[in-house]
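Residues per chain, in single letters:
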Amino acid sequence: MTLDLLAIRDDLVSIAKLLGDTIKTKSGGVTFEDKKNSVDLVTEVDKAVEALVVEILNEKYPDFDFLGEETYVPGVSVISDRPTFIVDPIDGTTNFIHRFPNACISLGLAVNKEPVVGVIYNPFLEQLYSGAKGLGSYLNGQRLPLVPNTRKLTLQGSLCGIEWGADRDNENYRVKLSTFDNLAKKDGGYVHGFRSMGSAALNLGMVASGAMDSYWEGGCFAWDVCAGWIILSEAGGTIVNGNPGTDNCSLTTRTYLAVRGAQRQEQTEYIRAYKSQITGDLDYKH
Ligand code: IPD
Ligand code: CA
Ligand code: CA
Ligand code: CA
């Protein structure tokens, strides 16, 4: 089956804008409930937006499969080789609840389990990222990366996206904290700083645009990364397994290290240097 990726991207842009406006309109005084613990949150808006995405996509693309965060059933929902929309209705739910303006809708398409189209829209800051395989990626119509990658990519002096995640009482969390500590210190990375913006998709968009040099997180799911992955790749960035020992990753990997566009050798060296500071495997199970 040959897909018109440009037409699909444009459809996803329209849907993201429409439902992004819905998210923005409903952002005042939302109530929320806990999912797996008291820092893993969901609102009625997350669920309602996902239901609308399903309805719209089913109508236009009845033969495509669908995977979304709020309708995901552990152990039952799988990503097939067929064209599959992979959707996070609100990425950055905690930000959304707190009215911190860094939340988005993230719409991806994977074929043969590989991301091929991605659209991410933050309606609060009116940031629209889009990308399609072989067709480049854009932020509000400007080709990514926004500036040529002339600043050398090195671990020392880099700006690193990190997230704390919702599991804060286990070995994974201790690995994260000790790795941040290593990266901050002179003999480790001596990075310029960390940014924790609360949205995996927007972090990937920022690495694609060149606003951050990297983003490392354990605990993501396919809907957090599918759209951002293709946007980043089309901007010359790369995404690998975020654990030491292997770089292999796929949409079912849970731990990622994303690195901005740069010469291949600089990216490889950055990944090696970053991973040398990671103090263990972030072992997230589905
Ligand atoms: C979360 C956000 C957060 C990241 C978590 C994600 P949600 O998604 O992207 O930044 O740290 O791993 O689960 O729950 O807001 O859709
Ligand atoms: Ca969530
Ligand atoms: Ca998410
Ligand atoms: Ca979500």
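Calculation criteria
Residues numbered from 1 in each chain as written. Chains lettered and ligands numbered in written order. Predicted model: local features only at pLDDT ≥ 70, side-chain atom pairs only at ≥ 80, totals over all residues. Heavy atoms only, no water. Pairing = 2+ DSSP bridges. Helix = DSSP H or I, 4+ residues; strand = E, 2+ residues; numbered from the N terminus. Axes fitted to C-alpha atoms, helices over the stretch in contact; angles between N-to-C directions. Contact = heavy atoms within 4.5 Å. UniProt positions renumbered as here; feature names shortened; annotations may be inferred. Buried < 20%, exposed > 50% of the residue type's maximum accessible area, 1.4 Å probe, protein only.

**Q** Please give an account of the sheet that holds strand β13 (residues 238-241) that cites residues and values.
**A** Taken together, five strands build an open sheet; the order of strands is β11-β10-β12-β14-β13 and the sheet is mixed. Each having just a single partner strand, β11 (193-195) and β13 make up the two edges of the open sheet. Within the sheet, the average angular offset between the axes of one strand and its neighbour, ignoring direction, is 20 degrees. Direction of pairing for strand β12 (residues 214-218) relative to strand β14 (residues 255-259): antiparallel, over a ladder of five bridges. Looking at the pairing, Y215 lines up with A258 of β14. Docked against the sheet, helix α5 (residues 200-209) engages β12, β13 and β14, running at close to 155 degrees with respect to β12. Where helix α6 (residues 222-234) meets the sheet, it contacts β13 and β14, and its direction lies at approximately 25 degrees from that of β14.

**Q** Could you give an account of the UniProt feature "binding site: Mg(2+) 2" (unreviewed entry) in the protein, with specific residues and numbers?
**A** In the UniProt entry, the feature "binding site: Mg(2+) 2" (unreviewed entry) is given for I90. Note on placement: I90 falls in strand β4 (residues 84-91). Among the residues examined, I90 registers a relative accessible area of 1% and is labelled buried. With sequence-adjacent residues up to four places away left out, I90 is seen in contact with I23, V45, D46, E69, F96, A103 and C104.

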